[in-house]
Structures are given as C-alpha cells and as structure tokens.
Amino acid sequence: MKTAFIDKVVNAIETHEIKAYYQPQYDANSGRLVSAEALVRWEKPNGEIISPDKFIPRLEKTDDINLLDWFMAEEACRTIHELGSKAVPIAVNFSRWHVKERDFYRKLETLLNTYDVKPEYFEVEITESALAIEDFSVIEQWAYMIADIGVNIAIDDFGEGFTSLQFVKDMPVSFLKIDKAFLKDNCQDDRGRGTLETVFYFANRLNLRTIAEGVETLEQLKFLQCMDCDRVQGYLFSKPVRKEDFIVMTMMDAAPTVEDDDYIKKQGSFTSQNLFLKAIKEEYDIIIFGNLYKNSYYVMYMSDNIFFKAPTAGVIDDITDAAIALSSKEQARKYDKFLSRRALIEAYIKGERRVEVELDEKVNGMIQKLHTVIHLMEHPYKDDVLMVGVSRLIENKEA
Ligand code: C2E
Ligand code: MG
Ligand code: MG
C-alpha cells in the first residue's frame, strides 16, 4: 500500500531530513543583521536538497501543512533560545489553514513559553493571497489574537495578490514584505519604480514597517534605501543558510558596531521629506492645502492642541462657516475679510501671494488665538488657484 505523503514528511522530520534554514534580513541603512526568515529544506540522504516549492504546494492542499509549519515554528524558537542575548527576531511562514486552526494563538503562546522566547522575537508570516480567500472577520479576529500576545504579523508577497488597501489598513499588521516581483528590471523601469514608490508611500503613511525580499543587486539596494525601506533580504547579502551558519553569522554581526550609519548621508527623497515634515509639524499646529477655485481642502496635519476639529478633507466654505460660528462678531468679520475663499481669490487676483492674520476662536469655554499664514499659488497645470496654509496656536486662555 502506498504511504500517504504526510507520513513521509513526518518520517523525514523524525530522521532530521527536514530542516529549518535561515535567511538573514538586514537593516537597509546600517547593514546590520537584524532578523531572519525560517525556510524549510528537505535534505535527502544522497545529499540532494529539495526546495519547498517541490513539496509545500502538495502539503498545502490540506491542513497537513500545519504539522510542518509548527515544526518550523518550534525550530525557530529553539534557535532563538540558543542565541540567548544575541537573538534576533525570526519570521516563520504559516499557510492559510492556520487561520482556521482553533486556539492558534494559545498554541503559539505555549510554544514561546516553552522555549522562553519573548513574543517580539517571533514573527508570523502569512501570504497576502492566503488572506484574500478567507472571510475578513475570521482573519481579523485571528490576527488580533496574535497581536494581543505581542507577536508581530508580516504580510508576505505583498502586492502579488489583490488585497484591498482597506484590508491592510484594518489589520493589526506590523510588516509588509514587498513581493520580489516588484524588483524585477533592477528597479530601472520608470513605471516599476513608480509602483514601488506608491507601495512604500502607502506603508509609511500607515506606519507599517517594510521588508524587501529578493534583493540581488546593489542598484536595487540603493533604490530601496531611497524609499526608506526598513529591512532587506536577498542573495545580495546571503542565501538561506543552515542553522549552524546562521548562528555564527548572528553572533558575529551582533557585536556592537560604532554608530556610523549616518542617516542624513544615506537619505533619499523620502527621508528628507519626512524629516522636513517633522520639523514643520514641530512649528505649526495645522497644515492645510486647498484649491480655491474647486472649493476643496485637505488637512495634512492637525495637532491635538487645537480644539476646533475639521474633517481631513472637504469643502473650504464649510470650514469657513464652522470657524465663523465659533468667532465673535468682530472676529467673524476679520475672518471673512482675510480668510474666506472669496477674500483669498481677490487677494490673489490683486497680485498678493501671502496672507497673514491672527484670529480668535472660542471652543469649549476656551479662547484660542491662531496665527495663520497662507501662501497662494497657481496650479502647475490647471487654471486653478491653490493655497497652502499653516497655523500656529499662540494663545490658549479661558473665555
Ligand atoms: P517566501 O516566504 O516568499 O520566501 C522567500 C523565497 O525567496 C525563498 O524561497 C527564498 O529562498 C527566496 N529568495 C530569497 N532571496 C532571494 C533572492 O535574492 N532572489 C530570489 N530569486 N529568491 C530569493 P524558498 O526558500 O524556495 O521558499 C519558497 C516558498 O515556500 C516561500 O516563499 C514560502 O511561501 C514557502 N515556504 C518555505 N518554507 C515554508 C514553511 O516552513 N511553511 C510554509 N507554509 N511555507 C514555506
Ligand atoms: Mg515568507
Ligand atoms: Mg515572500
């Protein structure tokens, strides 16, 4: 009688033919080894090494795969434990079947406790395509349970599938692993670069950390550094290696290095823009953009110091009305004279490019005095007038 494939796998685990290899991940800027991914390998007695593509898809047809994944998870915990104070977080691949596994998080918690592994040293990798086929509420609950025990979740092969952005936004995910297909053409193709820029912009805006996998060339690395990518993984640095080699690599790299990674020197446009924005936010409580002809605005930033809250985007005239409602008669006149859309358009037509004004607003029994500067400018390619406004709170007193 033919043995079921899973029996062969169990046997191979028992005879140590199935092994966890580790591929190091590096901080994209400092180049230090900061984490790793566990990848399964089947070492046949004749020395042949079978890659996962040859047997994982077969196991993934049913929940047989769970057994292998838990074996890998245990191996990763053992390795983290053995590394002791030199440990780095290790990510383990989990197939979609685990989403349905009852008490997944409890099993994981028990495993971490058994090997005395802190939850932040273990990362759960699940592919984007795996998540797309399950019911959203089931996945969400599963993910929150994992996040609640302090384990980070990474979405693997991000961009390969068709996950809606909404999906990622609502999930307690820490990392996006950008699919290696994005790096093809060596990041030289303009459209490819544009797509990648958008993915990184999206990740940065949602405060998700990013890992690029399949990094093979220096050009790719340089480009990823410009994108403020957090971690890189690929043949340029190291192939997946056996545990013994990984332990040596980690021990060597974990030696303290001088803080010579100059953030400024290596900055790309993202880094500089983010730094600049940080500095501007220190100065101002509100940053707002508007299209005066289209009567639309977008609030890029509003600090918690400001009581008056406007929706992130909307109609300029609506915020004018709301602000005037909070002002005394005299202040309302001033607002209308300087900051209403009509007043700003008139100022622009007269040739003014900068409007500066101080106004009081009364909210929750407090009077807040705001100093506002508005820059008026022509739309780069349409017949519209745009504004960029910044406001600073200069006084906050009881009414
Ligand atoms: P993955 O999780 O996306 O893993 C990354 C794959 O990219 C690995 O292939 C890795 O060896 C390969 N890779 C790394 N750097 C480079 C590079 O610079 N260039 C290129 N071309 N490839 C690179 P690998 O080890 O063959 O694994 C293939 C897939 O098998 C994995 O993709 C993962 O989906 C699955 N897999 C591996 N181990 C496990 C496991 O323990 N459990 C489960 N469920 N799936 C696993
Ligand atoms: Mg993976
Ligand atoms: Mg991947």
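Refer to the structure presented above.
Counting restarts for each chain: residues are numbered from 1 in the order of the written sequence. Key to labels: chains lettered from A, ligands numbered from 1, both in the order written. pLDDT decides what is reported in this predicted model: residues at 70 or higher carry local features, side-chain atom pairs at 80 or more are listed and counted, and totals for whole chains, interfaces and linings draw on all residues regardless. Hydrogens and water molecules were not included; the side-chain quantities draw on all heavy atoms of the structure.

Chemist: Describe in detail the pairing of strand β10 (residues 286-291), supporting the description with residues and values.
Modeler: Note on classification: 1.4 Å probe, protein chains only; a residue is buried when its accessible area is under 20% of the maximum for its type, exposed when over 50%, partly exposed between these limits. Only DSSP runs of H or I covering at least 4 residues are called helices, and only runs of E covering at least 2 are called strands; the numbering of each starts at the N terminus. Burial analysis of β10 places 5 of its 6 residues in the buried class, the great majority of the element. Sheet topology note: the β10/strand β11 (residues 296-302) ladder contains 6 bridges and is antiparallel. Pairing of Ile 288 across the sheet is with Val 299, part of β11. Pairing between two strands is assigned when DSSP locates at least 2 bridges connecting them. The hairpin formed by β10 and β11 contains 4 residues between the paired strands, and Asn 295 there has a positive phi angle of roughly 60°.

Chemist: Outline the site of ligand 1, listing residues and values.
Modeler: Arg 41, Asp 69, Asp 156, Glu 216 and Tyr 235 are the nearest of the 24 residues found near ligand 1. Nitrogen and oxygen atoms within 3.5 Å of one another constitute a polar contact, given that in protein one can donate a hydrogen and the other can accept it, and given that sequence-neighbouring residues count only through two side-chain atoms. In this structure, Glu 216 approaches ligand 1 through a side-chain N or O atom, which is 2.5 Å from a nitrogen atom. Protein chains bury 87% of the 800 Å² of accessible surface belonging to ligand 1 in isolation. Elements with a minimum of two residues in the shell around ligand 1: β2 (33-43), α3 (65-83) and β6 (152-158). Throughout this entry, Asp, Glu, Lys and Arg are counted as charged residues, while Ala, Val, Leu, Ile, Met, Phe, Trp, Tyr, Cys and Pro are counted as nonpolar. The remaining residues, Gly among them, count as polar. Considered class by class, the residues forming the shell around ligand 1 number 9 nonpolar, 5 polar and 10 charged. One heavy atom within 4 Å of a molecule or strand makes the whole residue count as near it. Working definition of accessibility: Shrake-Rupley area with a 1.4 Å probe, residue cover restricted to the visible protein chains.

Chemist: Break down unusual backbone geometry for me, citing the residues and quoting the values.
Modeler: Even without a glycine there, the phi angle at His 16 is positive, about 60°. Relative to the helices and strands, His 16 resides in the loop between α1 (5-14) and β1 (18-27). One non-glycine residue, Asp 228, lies in the positive phi region at around 60°. Within the element layout of this structure, Asp 228 appears in the loop between α9 (218-226) and β9 (231-233). Residue class for Asp 228 comes out buried when judged on its relative accessible area of 11%.

Chemist: Outline the coordination of the magnesium ion (ligand 3), supporting the account with residue identities and numerical values.
Modeler: In a perfect tetrahedron of four donors around a metal, the angles come out at 109.5 degrees. In a perfect octahedron of six, they are 90 or 180 degrees. The rule for donors is simple: an N, O or S atom within 2.8 Å of the metal counts, and for Na, K and Ca the reach is 3.2 Å. Water is not among the atoms, so a site may look short of donors. Protein coordination at the magnesium ion (ligand 3) comes from Asp 156 (OD), Asp 157 (OD), Glu 213 (OE) and Glu 213 (OE), with a distance range of 2.0 to 2.6 Å. Of note, the donors binding the magnesium ion (ligand 3) are all from one chain and are spaced D-D-x55-E. Between the two metal centres, the magnesium ion (ligand 3) and the magnesium ion (ligand 2), the spacing is 4.1 Å, with Asp 156 acting as a shared donor. Each member of the pair Asp 156 and Asp 157 is classed as buried.

Chemist: For the pairing of strand β8 (residues 209-213), give the residues involved together with the corresponding values.
Modeler: Burial within β8 is extensive, with 4 of its 5 residues counted as buried. Taken together, the 4 bridges between strand β7 (residues 175-178) and β8 define a ladder with parallel strand orientation. Considered in β8, the bridge of Phe 175 is made with Arg 209. Note on handedness: a clockwise path from strand one over the helix to strand two, with the strands aimed away from the viewer, defines a right-handed crossover. With helix α8 (residues 190-205) bridging β7 and the parallel β8, this β-α-β connection has right-handed handedness. The sheet contact formed by β8 and β9 spans 3 bridges and is parallel.

Chemist: Outline the coordination of the magnesium ion (ligand 2), listing residues and values.
Modeler: Here the magnesium ion (ligand 2) is held by the protein donor atoms Glu 37 (OE), Asn 93 (OD1), Glu 125 (OE) and Asp 156 (OD), which lie 2.0 to 2.3 Å from it. Every donor residue of the magnesium ion (ligand 2) comes from the same chain, spaced as E-x55-N-x31-E-x30-D.

Chemist: So what about the side chain of Glu 37? Which residues, and what values?
Modeler: Examined against the element boundaries, Glu 37 turns out to sit in strand β2. Side-chain polar atoms of Glu 37 contact the side chain of Gln 233, separated by 2.8 Å.

Chemist: I'd like a rundown of the packing of aromatic side chains, residues and numbers included.
Modeler: Between 30 and 60 degrees the pair is tilted, below 30 it is stacked and above 60 it is edge-to-face, where a pair is any two Phe, Tyr or Trp rings, Trp via its six-membered ring, whose centres lie within 6.5 Å. Inspection of the entire model under this criterion finds 11 aromatic pairs. Relative to Phe 246, the ring of Tyr 22 has its centre 5.0 Å away and its plane inclined at 20°; by these criteria the two rings are stacked. Of this pair, Tyr 22 sits in strand β1 while Phe 246 sits in helix α10 (residues 243-253); the two residues are 224 residues apart in sequence, bridging distant segments of the chain. Judged by its relative accessible area of 0%, Tyr 22 falls in the buried class. Every member of this aromatic cluster is reached through a ring pair, and the members are Trp 70, Phe 94, Phe 104, Phe 122 and Trp 142. For a ring to carry a charge above it, either NZ of a lysine or CZ of an arginine must fall within 6 Å of the ring centroid while also lying within 35 degrees of the normal to the ring plane. The side chain of Arg 96 reaches across the aromatic face of Trp 97, ending 4.7 Å from its centre. Taking NZ or CZ as reference, Lys 239 lies 4.7 Å from the ring centre of Tyr 235, over its face.

Chemist: Could you give me a rundown of the packing of α3 against helix α4 (residues 104-114), with the residues and numbers involved?
Modeler: Helix-helix packing is characterised by the crossing angle of the two axes and by the distance between the axes. Axis lines are fitted to C-alpha atoms, over the contacting stretch for helices. Their N-to-C directions set the angle, which ranges from 0 to 180 degrees. Where α3 contacts α4, the axes come no closer than 10 Å and their chain directions differ by 30°. Between α3 and α4, the crossing angle belongs to the class labelled roughly parallel. Crossing geometry of α3 relative to α4 is assigned as right-handed. Across from Trp 70, Ala 73, Glu 74 and Cys 77 in α3, the residues of α4 making contact are Phe 104, Lys 107, Leu 108, Leu 111 and Leu 112. Tallied by class, the residues present in the contact of α3 with α4 amount to 7 nonpolar, no polar and 2 charged. Any angle that is under 35 degrees is reported as roughly parallel, and any over 145 degrees as roughly antiparallel; angles of 65 to 115 degrees are reported as roughly perpendicular and all others as oblique. Should the near helix be turned anticlockwise from the far one by less than a right angle, the crossing is termed left-handed; should it be turned clockwise, right-handed. Only heavy atoms enter the contact rule, under which two residues are in contact if any of them lie within 4.5 Å.

Chemist: Describe the side chain of Ser 174, with residues and values.
Modeler: Residue position: Ser 174 is located in the loop between α7 (165-169) and β7. The residues touching Ser 174, leaving out its near neighbours within four places in the chain, are Asn 152, Ile 153, Leu 208 and Arg 209.

Chemist: How would you sum up the environment of Ile 18? Please name residues and give values.
Modeler: By the secondary structure assignment, Ile 18 is in strand β1. Measuring from C-alpha to C-alpha, the distance between Ile 18 and Ile 319 comes to 64 Å, with 301 residues separating the pair along the chain. Not counting the four nearest positions on each side in its chain, Ile 18 is found in contact with Val 9, Ala 12, Ile 13, Val 40, Arg 41, Trp 42, Leu 68 and Phe 71.

Chemist: With reference to specific residues and values, describe helix α6 (residues 136-148).
Modeler: Helix span, as expected, comes to 1.5 Å for every residue beyond the first. Over its 13 residues, α6 runs 18 Å from end to end, which matches the ideal 18 Å to within 8%, given 1.5 Å per residue. Positive phi shows up at Gly 150, right after α6, with a value of about 95°.

Chemist: Help me get a handle on the sheet that holds strand β13 (residues 354-363), residues and values and all.
Modeler: If you walk across this open sheet you meet the 6 strands as β12-β11-β10-β15-β14-β13, and the pairing is antiparallel. Two strands in the sheet have a free side with no partner beyond their single neighbour: β12 (313-315) and β13. Sheet twist, expressed as the mean angle between neighbouring strand axes with direction ignored, is 25°. Helix α12 (residues 316-325) contacts β10, β11, β12 and β13 of the sheet and is inclined by roughly 85° relative to β12.

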